[in-house]
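Here are the chains, one letter per residue:
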Amino acid sequence: MVTVDDRARRVLESALKIESPFRLDETLCLYSPQDNVDALRHPRIVGWLDFIQNQYQPELPDAERRVLLFMPCTKTKPYPFSSEHMAINQRLLDEGYRPTLRSYLPQELQARLEPHFSPEVLNLSPLTDGRGTIVHRMVISEPMAVVPYEHIAEFRGEASPAVGYDDPGLFENRGNAVSPWRPDCTAVRMSATRWKWGDEERRHYVIMHNEMARILAKFVSRVGHHYTDVVSWVAPGLTHRSFVLARDERAFHRVSSSRRVGAKRFELVGANDHLPEELRIACLPAPDDCKTAIERLSHRLKIDIPRATAIYARGGSNATPLALPELLDVLARRLAGDPVNVKGKKNHERVATENRR
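None of these values were measured; they are calculated from a predicted model.

Scoring rules and cut-offs
- Residues numbered from 1 in each chain as written.
- Predicted model: local features only at pLDDT ≥ 70, side-chain atom pairs only at ≥ 80, totals over all residues.
- Heavy atoms only, no water.
- Helix = DSSP H or I, 4+ residues; strand = E, 2+ residues; numbered from the N terminus.
- Rg over C-alpha atoms; globule rule 2.2 N^0.38 Å.
- Areas by Shrake-Rupley, 256 points an atom, 1.4 Å probe, with all protein chains shown as cover.
- Lys, Arg positive; Asp, Glu negative; His and termini not counted.
- Charge placed at Lys NZ, Arg CZ, Asp CG, Glu CD.
- Salt bridge = Lys/Arg side-chain N within 4 Å of Asp/Glu carboxyl O.
- Buried < 20%, exposed > 50% of the residue type's maximum accessible area, 1.4 Å probe, protein only.
- Contact = heavy atoms within 4.5 Å.
- Polar contact = N/O pair within 3.5 Å; in protein donor to acceptor, adjacent residues only side chain to side chain.
- Axes fitted to C-alpha atoms, helices over the stretch in contact; angles between N-to-C directions.
- Nonpolar A, V, L, I, M, F, W, Y, C, P; charged D, E, K, R; others polar.
- Parallel < 35°, antiparallel > 145°, perpendicular 65-115°, else oblique.

Here we look at the overall build of the chain
Now for step 1: Across its full length, the chain carries 13 helices and 13 strands.
Now for step 2: The globule rule puts the C-alpha radius of gyration for 357 residues at 21 Å, and the 20 Å found for the chain is close to it.
Now for step 3: Referenced to the eigenvectors of the C-alpha coordinate spread, the extents of the chain come out at roughly 60 × 50 × 50 Å.
Now for step 4: With the model as given, the accessible surface of the chain reaches about 16,300 Å², and the carbon-plus-sulfur share is 51%.
Now for step 5: Of note, the chain has its 51 positive side-chain charges centred 4 Å away from the centre of its 47 negative side-chain charges.

Considering the pattern of salt bridges
Now for step 1: Applying the stated rule across the entire model yields 22 salt bridges.
Now for step 2: The closest approach of N and O atoms between E95 and R91, which form a salt bridge, is 2.9 Å.
Now for step 3: R91 gets classed as buried once you look at its relative accessible area, which sits at 17%.
Now for step 4: The partner of E326 in a salt bridge is R300, with the nearest N and O atoms 2.4 Å apart.

Brief notes about the environment of D229
Now for step 1: Structurally, D229 can be placed in strand β10 (residues 229-233).
Now for step 2: With a relative accessible area of 10%, D229 lands in the buried category.
Now for step 3: For the pair D229 and P306, spaced 77 residues apart in sequence, the C-alpha separation works out to 35 Å.
Now for step 4: Filtering out sequence-adjacent residues up to four positions away, D229 remains in contact with R65, R66, V67, L68 and R334.
Now for step 5: One polar contact links D229 to R334, side chain to side chain, over a distance of 2.8 Å.

Looking at the environment of S232
Now for step 1: Relative to the helices and strands, S232 is located in strand β10.
Now for step 2: C-alpha of S232 to C-alpha of H209: the two residues are 23 residues apart in sequence and 16 Å apart in space.
Now for step 3: Here S232 is in contact with F70, V244, I281, A282, C283 and L284, once residues within four sequence places are set aside.

Looking at the packing of helix α3 (residues 43-55) against helix α6 (residues 199-223)
Now for step 1: One can describe the packing of α3 onto α6 by two numbers: an axis separation of 8 Å at closest approach and a directional angle of 35 degrees. For the pair formed by α3 and α6, the contact residues are L49, F51, I52, Q53, N54 and Q55 on the first element and R214, I215, K218, F219 and R222 on the second.
Now for step 2: A breakdown of the residues in the contact of α3 with α6 according to their chemical character gives 5 nonpolar, 3 polar and 3 charged.

A word on unusual backbone geometry
Now for step 1: In this structure, the amide linkage connecting K77 to the following residue, P78, adopts the cis form with an omega of 0 degrees.
Now for step 2: On the secondary structure map, P78 appears in the loop between β1 (65-72) and α4 (83-94).
Now for step 3: Backbone torsion omega between L284 and P285 reads -5 degrees, so that peptide bond is classified as cis.
Now for step 4: Along the chain, P285 turns up in the loop between β13 (282-284) and α10 (287-301).
Now for step 5: If you check the backbone angles, R156 has positive phi at about 55 degrees while not being a glycine.

So, the packing of α10 against helix α12 (residues 325-335)
Now for step 1: α12 packs onto α10 with a crossing angle of 135 degrees between their chain directions and a minimal axis gap of 8 Å. As summarised for this structure, α10 and α12 are arranged oblique, according to the angle between their axes. Between α10 and α12, the residues in contact are D289, C290, A293, R296, L297 and R300 and P325, E326, L327, D329 and V330, respectively.
Now for step 2: Its residues placed into classes, the contact of α10 with α12 shows 6 nonpolar, no polar and 5 charged.

Dropping the structure here:
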């Protein structure tokens, strides 16, 4: 029998993901799709989503090119202290980008930074390459949809909700994205540690997925004119990528376009479904980028492709493959406006157009 004590144990695990001096908000521990949908009515999330959809405006230096870079949320909070974000941000620094303002995570976190990372990986301001390009980092996150880097730690004079929540509840493949203590739980226990989603989990997943995509699209449609390029750097196969992609892009990226709930199938709608072509979010890395990265990883480590594929699957910096140097080359080229990288985007758009015919 599952009891509320089981949730209490998970909350203790969630607290370990929050780096001091920040603290977990136990009311924002979202372990299932049902928890996620309920969170849309949580006062802190309601206020945040109103801000993102209706009030937020970026404050950016003048620049020839302004790139809006969406990155994925991480289990470690705050995000920039995660191994994944630190690896990505360090690569940007190595490419010559520098913060535009002195805006950092607390000194307590800076003191715990490993010596091979620059302190600037914990800077929250937009980055400049000094040659006319500004990179404005934001995070795609459920239940908050979008978290601008400058609001990761603080929001309206208080700790941001982005530093005090835990939300593994939409990641079905982990096997524990369930809240078995809820009366509407329909998940089936498969083993001591793994569960299989039932109809209510799948139904609430679709609701939450499509709402996050709608808010993301509304955000981009409202502020996108500030940027010359909008890029998402999100892991293949994960929910964050599905939030972005339009129906005509999903086959190319090998992402499902629907979920079965009982006898019916419900469409998964991405942000790009809501956006006009000129504002669509470029979704990187592309499948061909991932294949090439595995080949290059194999060459760098002098191992065969199967072993390189296994290392790739485990990811860089103990995170997703997004932190691997071979994939970060793709991101660096795109942010620099490399013609080859932009041509790749156009080829992807051509495939999407042909799929619509």
